[in-house]
Amino acid sequence: MENHIVNNLVDYVTGVETGLDSNGRKNRGGHLMENLVESYIQKAGFVKGENYFKEMYIHEIAQKWNVDLSAISNSGKMEKRLDFVIKTDNQIYLIETNFYASGGSKLNETSRSYKQLAQEVDTIDGVTFVWFTDGKGWYSARHNLEETYDVMEHIYNIKDLESNIIGEVFG
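Source: prediction; values computed, not measured.

Trainee: A description of unusual backbone geometry should follow, citing residues and the corresponding values.
Mentor: The backbone of Glu55 shows a phi angle near 50°, a positive value even though the residue is not glycine. Along the chain, Glu55 turns up in strand β1 (residues 52–57). Overall, the relative accessible area of 34% leaves Glu55 in the partly exposed class. The backbone of Asn66 sits at a positive phi, close to 50°, despite the residue not being glycine. Mapped onto the fold, Asn66 is located in the loop between α3 (58–65) and α4 (70–73). Its relative accessible area of 73% is what places Asn66 among the exposed residues.

Below, the structure is given as structure tokens:
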């Protein structure tokens, strides 16, 4: 503020000054959320390339740990990339992250998609789906988010990250 790098505090906090509201900077909020989640994964003691991995495809996960993920890949016909994968001694955690600064149909589709993915993952022993999401965009889509929350065990926000949910869930 003092050096006029930020001209309007309200716009900065709501994401306008940082470009979070612009399609011209598509997914900047998502990348910021990925970086935030990754920092908490590292703080929890996980090491990239050893027990946590960034941007892994379903077929890579299946090959690396010899696990049948056909329930979530439509028998190998669909290829999804997960933001993060954490591997503990007895569990594989498939992690998606996103942040929505504004509402829209994308949020409703995302919550429906992740609800279905969570239900499919629940049929696979030793694999758990985890979703980290946040943002004021969810206010307009709160009913869809609530519907997903009702069936999904592991859905968290930034406050949960700050409260050491990664240590509790993955530890």
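Trainee: Describe the pattern of salt bridges, listing the residues and the values that go with them.
Mentor: Any two side chains of opposite charge can pair if their charged atoms end up close together. Here the structure, examined in full by the defined rule, presents 6 salt bridges. A salt bridge links Arg81 to Glu55, with the shortest nitrogen-to-oxygen separation between them at 3.8 Å. One end of the pair, Arg81, is in strand β2 (residues 81–87); the other, Glu55, is in strand β1, with 26 residues separating them in the sequence. With a closest N to O distance of 3.7 Å, Glu96 and Lys80 form a salt bridge. Of this pair, Glu96 sits in strand β3 (residues 92–99) while Lys80 sits in the loop between α4 and β2, and the two are 16 residues apart along the sequence. Looking at Glu96, the relative accessible area reads 5%, which means it is buried. Within this structure, Glu38, Lys48 and Lys54 form a network of salt bridges that share partners.

Trainee: Describe the packing of aromatic side chains, and please don't skip the residues or the numbers.
Mentor: As enumerated under the stated definition, the model contains 9 aromatic pairs in all. With 4.5 Å between their ring centres and 90° between their planes, Tyr93 and Phe170 make a pair best called edge-to-face. One end of the pair, Tyr93, is in strand β3; the other, Phe170, is in helix α8 (residues 165–170), and 77 residues separate them in sequence. Here Tyr93 and Phe170 have matching classes, each one buried. Their ring planes at 65° and their centres at 5.5 Å tell us that Tyr114 and Phe129 sit as a pair that is edge-to-face. Of this pair, Tyr114 sits in helix α5 (residues 105–121) while Phe129 sits in strand β4 (residues 127–134), and the two are 15 residues apart along the sequence. Here the aromatic residues Tyr100, Tyr114, Phe129, Trp131 and Trp138 are joined through ring pairs into a cluster of three or more.

The rules behind each value
- Residues numbered from 1 in each chain as written.
- Predicted model: local features only at pLDDT ≥ 70, side-chain atom pairs only at ≥ 80, totals over all residues.
- Heavy atoms only, no water.
- Helix = DSSP H or I, 4+ residues; strand = E, 2+ residues; numbered from the N terminus.
- Buried < 20%, exposed > 50% of the residue type's maximum accessible area, 1.4 Å probe, protein only.
- Salt bridge = Lys/Arg side-chain N within 4 Å of Asp/Glu carboxyl O.
- Phe/Tyr/Trp six-rings, centres within 6.5 Å; stacked < 30°, edge-to-face > 60°.

Everything listed is a geometric property; what it means functionally is a separate question.
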